[in-house]
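Here are the chains, one letter per residue:
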Amino acid sequence: MGQVFLFEVATASVFDLPDDGSIQDEDQGDGFLWPPYRKVGQYDPFSDDQRLAITILEFCMTSHILCIGGTGGQVLLFTLANTKKSSKIEALRADIIPKGDVRYNWRGEGPLPYIEKVVEYPPGFQLSFLMQLGPPAPISAMDFTAHWGVIAVGSGHGFTVGNYLLHNVIITHCTLQEDGSASHSLTRVQSIRRSLRNSFRRRSTRQDRRTTLEQQQQKQKEGSGKRKQRRTGSEPSGGVSQREAAASNANPPSIQAAVTHICLADTFLGGEHHMPCLVASTMGSVLIRYYLQLPPTGDRISEPSIAMLAGKDYTLLHGAPVISVFILDNNGLPIPSGYEQDNNIAPAPSMVSPHYGIIVTEEQIKIIHLPSLKLKRKEKVTNEIHERIKKAFIIRANVLGKSYAHVID
């Protein structure tokens, strides 16, 4: 099937760099380097600035907005226009870790310098918003809603929520503690200890209620021996078992603080009424929930937005990194954006409680009720196919006139 070239967006033109986009050698001075090396081709990893690399893309087909996240912590928002315009873009600074904070000492390169003058943009994708994270770490997660004018961005240190209509920061959340480790982190050893402790408590409670204690213990020994024999005989030698996956997934505390996914949706998180919400997941298997109090649609250009915590962090005991989080309505369908509903691209969701949240980790897929957070269903992947999930998507499919949501990993 042939593919047609549509457009090209050059993000390097936004920043104040040399014409070839290469890194200047500070030790070179006024002289020149011999032999005179010259850049050849579109990209050279030895001369081009690595901070220009793109890590994540998000595109809205209804609002024609393109969001780009880079390695240098830059977030660029482009809007599609038919006419040219001249404008001066000022970068919005979002400090996840304030300067001088003892929790983390950034030793990497600084942010990219942007052009501080009026720039004329031709018809096509034109830059309308620029945000710089601090520290300038690579962007690891991103989500935006054009109907709200809100963009959420995550990195290895936390996440931030900005309003690109008012050009301000709504909230910044750091996932690091004062010692540089992940906040609310639960290691695999702690998870195993907690599981064993709960098992012994349940066992002691049941034993108090039993009358024939000796017979029951004998049955437990026989059953455990059979299970052990069956497990050792059926487990493939070359596969990755769940225990091996748990040992290999023991990431350092600093890596567990990295944000892996951000989801914006109008749903139930902690009360009887639905409202705009944000859910951010980390490598340490932690879900962070926020309420977003937005002004009415006609006043979103003038009135600011407010973010509030929706409750305690939701921690998964198995500790695997969270890959994706999806929100479904009462009918089990993905919640569409406001633009899709206004343009009749997608039907309006069922805003009747409960909603459902799909949490996809490297080892399992878990479905919970919202807002009660009770478990509905759980599927473990490592025990079945001995592999780990790296990417997950959700699609809407129509079968015999009915719509269904499918998770593809």
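Predicted model, so just to flag it, every value in this text is computed and none were measured.

Some thoughts on the overall build of the chain
The secondary structure content of the chain amounts to five helices and 22 strands. By the burial criterion, 39% of the 409 residues in the chain qualify as buried. As displayed, the chain has an accessible area near 24200 Å², and 52% of this comes from carbon and sulfur atoms.

Concerning the pairing of strand β3 (residues 74–81)
Bridging between strand β2 (residues 65–70) and β3 involves five bridges; their strand directions are antiparallel. Along β3, the bridge assignment pairs G69 with V75. The loop that links β2 with its antiparallel partner β3 comprises three residues; one of these, G73, has a positive phi angle of about 80°. Direction of pairing for β3 relative to strand β7 (residues 124–134): antiparallel, over a ladder of eight bridges. Across the sheet, residue F78 finds its bridge partner in β7, namely L127.

Focus on the side chain of Q74
Within the element layout of this structure, Q74 appears in strand β3. Looking at Q74, its side chain comes within polar contact range of the main-chain nitrogen of G72, at 3.1 Å. If sequence neighbours within four positions are ignored, Q74 has contacts with F15, R51, L52, A53, I68, G69, L112, M131, Q132 and I139.

Observations regarding the pattern of salt bridges
Within the structure shown, the criterion is met by five salt bridges. The closest approach of N and O atoms between R93 and D95, which form a salt bridge, is 2.6 Å.

Regarding the environment of D95
Topologically, D95 is positioned in strand β5 (residues 92–95). Sequence separation between D95 and P135 is 40 residues, and the spatial gap between their C-alpha atoms is 6.8 Å. If we skip the residues at most four places from it in the chain, D95 touches G134 and T172. Among the polar contacts listed, one links the side chain of D95 to the side chain of R93, at a separation of 2.6 Å.

Considering the side chain of D143
Locating D143 in the fold gives a position in strand β8 (residues 141–145). Despite its burial, D143 pairs with no opposite charge; the closest candidate is K391, at 14 Å N-O. From its side chain, D143 meets the backbone nitrogen of L264 in a polar contact 2.9 Å long. In contact with D143, other than residues within four places in its own chain, are I151, A152, I262, C263 and L264.

With respect to the environment of P354
Counting through the fold element by element, P354 comes out in the loop between α5 (338–342) and β18 (355–361). In this structure, P354 is in contact with D329, N330, H369 and L370, ignoring residues within four places of it in sequence.

A word on the pairing of β7
Here β7 lies mainly inside the structure; 10 of its 11 residues are buried. Here β5 pairs with β7 via four bridges, running parallel. Residue pairing in the sheet places R93 in a bridge with Q132 of β7.

Points about the sheet that holds strand β19 (residues 364–370)
One open sheet holds the four strands; their spatial order is β17-β18-β19-β20, and the pairing between them is antiparallel. Here the strands that pair on one side only, and so sit at the sheet edges, are β17 (322–328) and β20 (375–380). If you compare each strand with its neighbour and ignore which way they point, the axes differ by 15° on average. Judged from the six bridges that link them, β17 and β18 form a sheet pairing that is antiparallel.

Calculation criteria
Counting restarts for each chain, with residues numbered from 1 along the sequence as it is written. With pLDDT at 70 or above as the cut-off, local features in this predicted model cover only qualifying residues; side-chain atom pairs require 80 or more to be listed or tallied, and sums for whole chains, interfaces and linings still use all residues. Only heavy atoms go into the side-chain values, all of them from the structure, while hydrogens and water stay out. Only DSSP runs of H or I with at least four residues qualify as helices, and only runs of E with at least two residues qualify as strands; both kinds are numbered from the N terminus onward. Exposure categories follow from relative accessible area, calculated using a 1.4 Å probe and restricted to protein chains: below 20% of the type maximum is buried, above 50% is exposed, and the middle band is partly exposed. Here, Shrake-Rupley sampling with a 1.4 Å probe gives the accessible areas, and only protein chains in the shown set may cover a residue. By definition, two strands form a pair when at least two bridges between them are found by DSSP. Side-chain atoms alone can form a polar contact between residues adjacent in sequence; in general such a contact is a pair of N or O atoms within 3.5 Å, and within protein one must be able to donate a hydrogen while the other accepts it. What makes two residues a contact is simply this: any of their non-hydrogen atoms within 4.5 Å. In what follows, salt bridge is the name for a side-chain nitrogen of Lys or Arg lying within 4 Å of a carboxyl oxygen of Asp or Glu. Under this rule, positive means Lys or Arg and negative means Asp or Glu; His and the chain ends count for nothing. All axes are obtained by fitting lines to C-alpha atoms, using only the stretch in contact for helices, and the reported angles, taken between N-to-C directions, cover 0 to 180 degrees.

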